[in-house]
Amino acid sequence: MLQEPSLIDAHTHVQFAAYNEDRESVIKRALAAGIWMVNVGTQLGTSKEAVALAEKYPEGIYATVGLHPIHTDKSFHDSQELGADQSFTSRGEVFDYDAYKNLAQHPKVVAIGECGLDYYRITNDELGIKEEVKEKQKEAFIQQIELAYELRKPLMIHCRNAFSDLVDILVACRMSLVSPPGIIHFFSGELPQATQLLDMGFYFTFGGVVTFARDYDEIIKSIPLERILLETDAPYITPAPYRGKRNEPLYVAEVAKKLAEIKGVSLDEIQHHTLENSCAIFKI
């Protein structure tokens, strides 16, 4: 039996190819430090791997299943996610409701996603391609909202350069949101959008970027501790003082320390609230 966690990394990707050589060691380091984790699926393959990893460990490891917006259309090959072999790729995936539903019914699947909207890499507007890509993302997102409602699970939402459209969709689908409705992972929007999402009942995660950039301080100060969770988004966005290294769940402790500093509270308060928030929304 593991001890109760001291922290939960609410959004990480230890099932990704970046950990193929030392995945077990990465997990053991985190668990030994009292850090539990939620491995987040980004397409059908990585969702299956997240579930398999959660199944392998009786405690401390959970999963989400979902289709990331960038994987609804052809895009760049991320070797940290998919490995060096570019044949192992699932670009332009159409959301398979039944396949994801089957996966999501596993008892250790705690949310649907990473789903949402991401307009950051959409640059080609020739013959309406830009709008076509956006529509694919919106369609997949709405389907995942419907799946989350059917299974009574929260959403794990990714949004980049698309918060206006994201809020519009969530407002339109408000009757299909569970309570609490989900998490806005690595929130990068503006304060009015944060306020709208707070009013709808959403929680927010913040990760390594807060340890070396001050862009998010005012947003963090404005969001009550009762709505904040911790994340690493590993293997990406490694926090200080580990910049330049591959990120991992163990480093979520550095995010906790920085959030305590920004919020002007003790580390114990950050640990208490973020742990309580994670357990409440993920029902663990």
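Our subject is the structure that appears above.
Residues numbered from 1 in each chain as written. Predicted model: local features only at pLDDT ≥ 70, side-chain atom pairs only at ≥ 80, totals over all residues. Heavy atoms only, no water.

Student: If you had to explain the packing of aromatic side chains to someone new, which residues and values would you point to?
Tutor: Inspection of the entire model under this criterion finds 8 aromatic pairs. Their ring planes at 75 degrees and their centres at 6.4 Å tell us that F16 and Y236 sit as a pair that is edge-to-face. In this pair, F16 is assigned in the loop between β1 (7-12) and α1 (23-32) and Y236 in the loop between β8 (228-230) and α9 (252-263), connecting sequence segments 220 residues apart. An identical accessibility class is assigned to F16 and Y236; each is buried. Ring centres 3.9 Å apart and planes at 5 degrees place the aromatic pair Y242 and Y251 in the stacked group. What makes Y242 partly exposed here is its relative accessible area of 25%. (Phe/Tyr/Trp six-rings, centres within 6.5 Å; stacked < 30°, edge-to-face > 60°. Helix = DSSP H or I, 4+ residues; strand = E, 2+ residues; numbered from the N terminus. Buried < 20%, exposed > 50% of the residue type's maximum accessible area, 1.4 Å probe, protein only.)

Student: Account for the pattern of salt bridges, naming residues and giving values.
Tutor: Summed over the entire model, instances satisfying the criterion amount to 13 salt bridges. As a salt-bridge pair, E261 and K258 come within 2.9 Å of each other at their nearest N and O atoms. Taken together, the residues span about one helical turn, with E261 and K258 both in helix α9 at a distance of 3 residues. The exposed category is assigned to E261, whose relative accessible area is 56%. Salt bridges here are not isolated pairs; linked through shared partners, they connect D73, E132 and K136. (Salt bridge = Lys/Arg side-chain N within 4 Å of Asp/Glu carboxyl O.)

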